[in-house]
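# Residue-level structural notes
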Amino acid sequence: MKNNPPRVALFATCLVDAMRPQIGFAALALLEQVNCLVEVPMGQTCCGQPALNSGDQDGTRKIAKHNIKLLAGFDHVVVPSGSCAATIKKDYPDLFETDPVWHAKAVDLANRTYELLSYMSDIWGWRPKNVSCATTATYHDSCSGLRSLNVQAQPRAMLASVAGLEMRPLEGANVCCGFGGTFCVKYPDISNAIVAEKAAAINATGADLLLGGDLGCLMNMAGKLHRDGSKIRAFHAAEILAGMGDGPAIGETA
Amino acid sequence: MTDAKQAIFAAIRKTLPAPAPAPTIAAELSQLRARINATRPDRVSGPADEVFLERVQSPGVAATAERINSFDEFPAAVMRYAVRHNLGLDIALQPHPDLATLNWSGCQTHDHIGTDETLAVGLALGGIAETGSLIFHSSQISPTLFAFLPLHHIVAIPYKNIWPWMEDYVASFAGKSPPRNVNFVTGASGTTDIEGALVRGAHGPGWLHIVVVGSPGL
Amino acid sequence: MNAFQGRVTAALADPTLKTAIDRTTNTARSKRAAAIAAWPEFAQARELGRDMKDHVIANMEYYLTMFEANAVKTGAKIHWARTGQEACEIVVGICKAAKAKSVTRSKSMLGEEIGLPHALEAAGIERVETDLAEHIIQLAGETPSHIIWPALHKTREQVGELFRAHHTDPGELATVEEMVSSARRNLREKFMAADVGISGANFLIADTGAICTVTNEGNAELTTTPPRVHIVTAGIEKLVPSMVEAMTMLRLLVRSATGAELTQYTTFHAGPKQPGDVDGPEEFHIVLVDAGRTTMLAEGLAEMLRCLRCGACMNHCVVYRQIGGHAYGATYPGPMGSVITPSLDGLETSQDLPRACTLNGQCHEVCPVAIPLPTLIRGWRTKAWVQGYEPLHTAWALRIWEFFALRPVLYQLASNLALRIMPLFAKGGWISKMPLAGGWTRYRDMPIPQGGSFLAQYKKRQAAK
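Residues numbered from 1 in each chain as written. Chains lettered and ligands numbered in written order. Predicted model: local features only at pLDDT ≥ 70, side-chain atom pairs only at ≥ 80, totals over all residues.

Here we take up the overall build of chain B. From N to C terminus, chain B includes six helices and 12 strands. Principal-axis analysis of the C-alpha atoms gives chain B an extent of 70 × 45 × 40 Å. For chain B, the proportion of its 218 residues judged to be buried stands at 45%. Counting only contacts in chain B whose residues sit at least 6 apart along the sequence, the fraction spanning at least 24 positions is 71%. (Helix = DSSP H or I, 4+ residues; strand = E, 2+ residues; numbered from the N terminus. Buried ≥ 20, exposed ≤ 12 C-beta atoms within 10 Å, placed from the backbone. Contact = placed C-beta atoms within 7 Å.)

Set out below in structure tokens:
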């Protein structure tokens, strides 16, 4: 690390930017607690995952180059989403396999990029202090974070230090919620059948809150729960950890 | 159809143009083999015959088993089993000389296996402790169908012929020309084809009883 | 609605199907999990299995040559088939030469792939499927919906009805046990009366020329032993160097497929009846089939040739578990099928298969030979995009998105405009219907955006500092 404290770029992701800025502010609050010098590069848009998963590699490479340039020079790049972090960390280098110059740059970025929850726990050993949230919650592991970045124990360990928060295990917590990015709009019937099963499992926990680390999956599950009249409210785990659990949940107005 | 063979090999060569020389392939293979032992389920912790007896009776294999002191006691063990299961004493006896010399008085035996045989009695070549498998090599004295047609199959196995791991069995026959059939039999026939529910006696035997003969202490 | 979407709609509307899928796949997943938990060395074994298969595939010509030479020594007759049709012609030719009236068949997915059941029937040969599940779907006139449990889509009640209609003396059929017993009685004489037995091969053992079959029912051996002729059809990728490697593969295959440690019957067949043998076939034929394997090799799908056909990927696939196997419209369903089918049937007709995947990665996680299924599936999407198969509306939506994503200033303007429009469709905090969002809002509500974008709010906050 060049700087101490490190210079950190927060890559908020397009979904957080548009739909739920509070997750971005929660991430900022957490990063400031470990004394990072956080910046939010203004040129950021999207990691390119929708294009990549639709097969448009050329389009994705353009976006990747944009982000590689944008995020050059930061010690760390932190992303409050397992799937967007995985795109930068795992897919960017693969995209430039035949281009040694950009491949090296992509690998360099990949090595500096972290998913927020694992970053707080693995790099800083951070645990919330004086954060309370007296309620019950369950946690869904989003697939990319879980399988590409090994995010599983970290959020649970940090949430265990939130005063008053009782965590309930979710049956099939590691099973996909049916979001799958563009999948959910390309094959809405299948996606619905999958998220219906997930919603049933979430309801069965009897918890008040659904927590997760990826806004896409959370919107999918929260949207289904709301459509079906469930009272369960959804937050990004970072919001709870940053002490923002008393605010409006996903889909609630302030 | 040599045309087809040539065409397939040509197609392989399109992607893999330069086959490696045999010594290179052999060296790579021996490196792979060196990794096998570390991947085996760490299970054969005691004497192979004891582990074998435990495995064959474990829920996954679900055979029944017993141990007798000497081969002479085998007919009596068979008769006890037949009585316990209300079976007649009309036995299809595998045409193995070691079985033929035993005293089967009290039973009727025949040396062939019928389509709807109730009870067959046989002698396995050996067994594998790791998996609780019996091994049969097809031959004049070990017809394959003895292990597949009866409803009840009672098999004797000399305790000395139990190999700890699958690879140990393989090593014992490496380089020898194989019999027509090598059968690993691991428990009675079963199926999970209807709703995943396990039912025994699908096409092969519904019951497998294993009799280990002798023990190291004797 | 295209053919795939039509099959999906039908599958999702069938409540019995979901019940049937759940009954088997739930059991399969929990039994596999228990087997893997009892095998701490699994991760290492999986890497070894992967490397062994890669070794064989990289040296395919060498091992095929070795296998052929050794199989010939056992008395086997080797045939080579470039295509499925060629393979079927060879098999039918052998049956005719043997004047076969009745053929028993032990389940082989390759046989299904190349259309062997149909070819036998077209040749006027009686075909008796001996695997219980294949027997069920033969009676039903259907195709397999799973590669391990071909009749997975049938409930016990449906099986009972079939047996009642087709079996002699079926009995009460009140329980699964009674159904199995009825099938046993009805198939017994067929095994013994067949002229030819046809099996697949789980492994081809290069250094002995033997082929390995695995079954739990014992139907493979009853299929291959009594008839005069045994015909094996096997894909050329099924090679292992020797029995030693077969043992590693068996440990991986069986646990991944059924959660058992070894199949009840694991048999290595080498050639025809030997002098003195009491039973066994007089002729032993092995048909080595390419049928697209070398094409997959050339298409960058060499990793797919590792596949052991265990079915774990489909048991763990959220899509498969909703739509079942038939909706895929191909021999191989689930994640492995979504990789294989575009290669076998062409991408244009099967482009939906790789697209109808959430890329969640659980299939790769459970694969016993670590096939990177999501990567391969995404590879097909790349080809589909390049070949212009992406539906126009999504292709254009993506291009517009990319245009903005590369122009941050325009992006923020557009996004803040959209964020102002979206709440107009909301009731409370949620949108239940909005133009262009029908795919989402048909089944779920969409939360309204919280307010201005994060970047806009952050800029304001920094300016105020």
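Let us keep going from here.
Moving on: the overall build of chain A. In terms of helices and strands, chain A carries 13 helices and eight strands. Its C-alpha atoms give chain A a radius of gyration of 18 Å, near enough to 18 Å, the size a compact globule of 254 residues would have. Counting over 254 residues, chain A shows a buried share of 61%. Long-range contacts, defined here as pairs at least 24 residues apart, represent 76% of the contacts in chain A between residues at least 6 apart. (Rg over C-alpha atoms; globule rule 2.2 N^0.38 Å.)

Before going further, it helps to spend a moment on the interface of chain C and chain A. When the parts come together, some accessible area is lost, and that loss is often what is quoted as the size of the interface. On the side of chain A, 59 residues touch chain C, which itself brings 52 residues to the contact. Class assignment of the residues belonging to the side of chain C that touches chain A gives a composition of 27 nonpolar, 16 polar and nine charged. (Nonpolar A, V, L, I, M, F, W, Y, C, P; charged D, E, K, R; others polar.)

Sheet strands pair via backbone hydrogen bonds, and the direction of the pair is either parallel or antiparallel. All names here are of chain A. Judged by pairing direction, the sheet is parallel, and its four strands sit side by side in the order E2-E1-E3-E4 without closing on themselves. At either margin of the open sheet sits one strand with a lone partner, and together these are strand E2 (37-39) and strand E4 (113-115). Each strand of the sheet is rotated relative to its neighbour by a mean of 30°, with strand direction disregarded. Pairing of strand E3 (residues 76-79) with E4, which is carried by three bridges, proceeds in the parallel orientation. Bridge pairing in E4 places Val78 opposite Tyr114. (Pairing = 2+ DSSP bridges. Axes fitted to C-alpha atoms, helices over the stretch in contact; angles between N-to-C directions.)

This part covers the sheet that holds strand E8 (residues 239-240) of chain C. Overall, mixed pairing links the eight strands, which are arranged E8(B)-E5(B)-E6(B)-E9(B)-E9(C)-E6(C)-E5(C)-E8(C) in an open sheet. If you trace the sheet from one side to the other, it starts and ends with strand E8 (162-163) of chain B together with E8 of chain C, each paired once. Sheet topology note: the strand E6 (residues 133-137) of chain B/strand E9 (residues 181-185) of chain B ladder contains four bridges and is antiparallel. Among the inter-strand pairings, Leu134 of chain B is bridged to a residue of E9 of chain B, identified as Val185 of chain B.

Below, the discussion takes up the environment of Val211 of chain B. Residue and element names in this part refer to chain B. Among the secondary structure elements, Val211 is positioned in strand E12 (residues 207-213). Between the C-alpha atoms of Val211 and Ser105, which are 106 residues apart in sequence, the distance is 19 Å. Contacts of Val211, omitting those with residues within four sequence positions, involve Glu66, Ile68, Phe74, Ala77, Ile154, Val155 and Ala156.

Below, the discussion takes up the domain arrangement of chain A. Residue and element names in this part refer to chain A. One can read the domain layout of chain A as domain 1 (7-122) and domain 2 (128-241). Of note, the centres of domain 1 and domain 2, computed from C-alpha atoms alone, are 22 Å apart. Taken together, the contacts link 28 residues of domain 1 with 22 residues of domain 2. Only helix H1 (14-19), helix H2 (21-33), helix H3 (49-53), helix H5 (82-95) and helix H7 (116-123) provide two or more residues apiece to the side of domain 1 that touches domain 2. (Domains from an automatic or database assignment.)

Before going further, it helps to spend a moment on the interface of chain C and chain B. The partner chain B presents 64 residues to the 80 residues of chain C that form the contact. Examining the composition of the side of chain C that touches chain B, we find that nine residues originate from one element, helix H10 (residues 176-193) of chain C, more than from any other. Among the residues making up the side of chain C that touches chain B, the classes are represented as 36 nonpolar, 26 polar and 18 charged. In this sheet, strand E9 (residues 265-269) of chain C lies alongside E9 of chain B in antiparallel orientation, the contact comprising five bridges.

Even without being a glycine, Leu359 of chain C presents a positive backbone phi close to 55°. With 25 C-beta atoms counted inside 10 Å, the residue Leu359 of chain C sits in the buried group.

This next bit is on the packing of helix H9 (residues 156-166) of chain C against H10 of chain C. Residue and element names in this part refer to chain C. Look at H9 against H10: their axes get within 10 Å of each other, and the N-to-C directions meet at 35°. Here H9 runs over H10; the crossing is left-handed. Between H9, through Arg156, Val159, Gly160 and Phe163, and H10, the contact on the second element is made entirely by Val176, Met179 and Ser182. Counted by class, the contact of H9 with H10 contains four nonpolar, two polar and one charged residues. (Left-handed = near helix turned anticlockwise from the far one by under 90°.)

Let's shift gears to helix H24 (residues 454-464) of chain C. All names here are of chain C. Among the residues of H24, those classed as buried are Phe454, Leu455 and Tyr458. The arc that holds the buried residues of H24, viewed along the axis, is 90°, so those residues lie on one side. Every exposed residue of H24 that faces more than 90 degrees away from the buried side is listed here: Lys460, Ala463 and Ala464. (Arc of directions from axis to C-beta.)

All right, on to the packing of helix H16 (residues 334-345) of chain C against helix H20 (residues 373-386) of chain C then. All names here are of chain C. Packing of H16 against H20 leaves a shortest axis separation of 9 Å and a crossing angle of 35°. Read as a crossing pair, H16 and H20 show a hand that is left-handed. Between H16, through Pro335, Met336, Ser338, Val339 and Pro342, and H20, the contact on the second element is made entirely by Leu373, Leu376, Ile377 and Trp380. Grouping the amino acids of the contact of H16 with H20 by side-chain chemistry returns eight nonpolar, one polar and no charged.

This part is about the arrangement of the chains. Ranked by contact count, the leading pair among the two pairs of chains in contact consists of chains B and C. Nothing in chain A touches chain B; the tightest C-alpha to C-alpha distance between them is still 19 Å.

Residues and elements named next belong to chain C. Of the pairings in the sheet, the one linking strand E2 (residues 102-105) to strand E3 (residues 126-129) comprises four bridges and is parallel in character. Paired with Ser102 across the strands is Glu126, a residue of E3. By the bridge criterion, three bridges tie E2 to strand E4 (residues 196-199) in an arrangement that is parallel. Bridging across to E4, Thr104 finds its partner in Gly197.

So, on to the nonpolar core. Residues Leu10 and Met221 of chain A are the most contacted members of the largest nonpolar core, which totals 296 residues. If you tally residues by element for this core, the top one is helix H12 (residues 243-258) of chain C, at 10 residues. (Core = buried A, V, L, I, M, F, W, Y, C linked by C-beta atoms within 7 Å.)

Turning to helix H3 (residues 42-58) of chain C, a few remarks are in order. Helix length check: H3 of chain C, at 17 residues, gives a terminal C-alpha distance of 24 Å against a target of 24 Å (1.5 Å per residue), a fit within 8%. Taken together, the buried positions of H3 of chain C are occupied by Phe42, Ala45, Arg46, Leu48, Gly49, Met52, Lys53, Val56 and Ile57 of chain C. (Expected span 1.5 Å × (residues − 1).)

Okay, the environment of Leu392 of chain C next. Residue and element names in this part refer to chain C. As for its placement among the helices and strands, Leu392 is situated in helix H21 (residues 392-405). According to the C-beta neighbour criterion, Leu392 is exposed, with 8 such atoms within 10 Å. In the structure, Leu392 is positioned 21 residues away from Leu413 in sequence and 25 Å away in space, judged by C-alpha atoms.

Residues and elements named next belong to chain C. Secondary-structure assignment places Asp169 in the loop between H9 and H10. The class for Asp169 is exposed, based on 7 C-beta atoms found within 10 Å. Taking the C-alpha atoms as reference points, Asp169 and Ser182, separated by 13 residues in sequence, lie 7.6 Å from one another.

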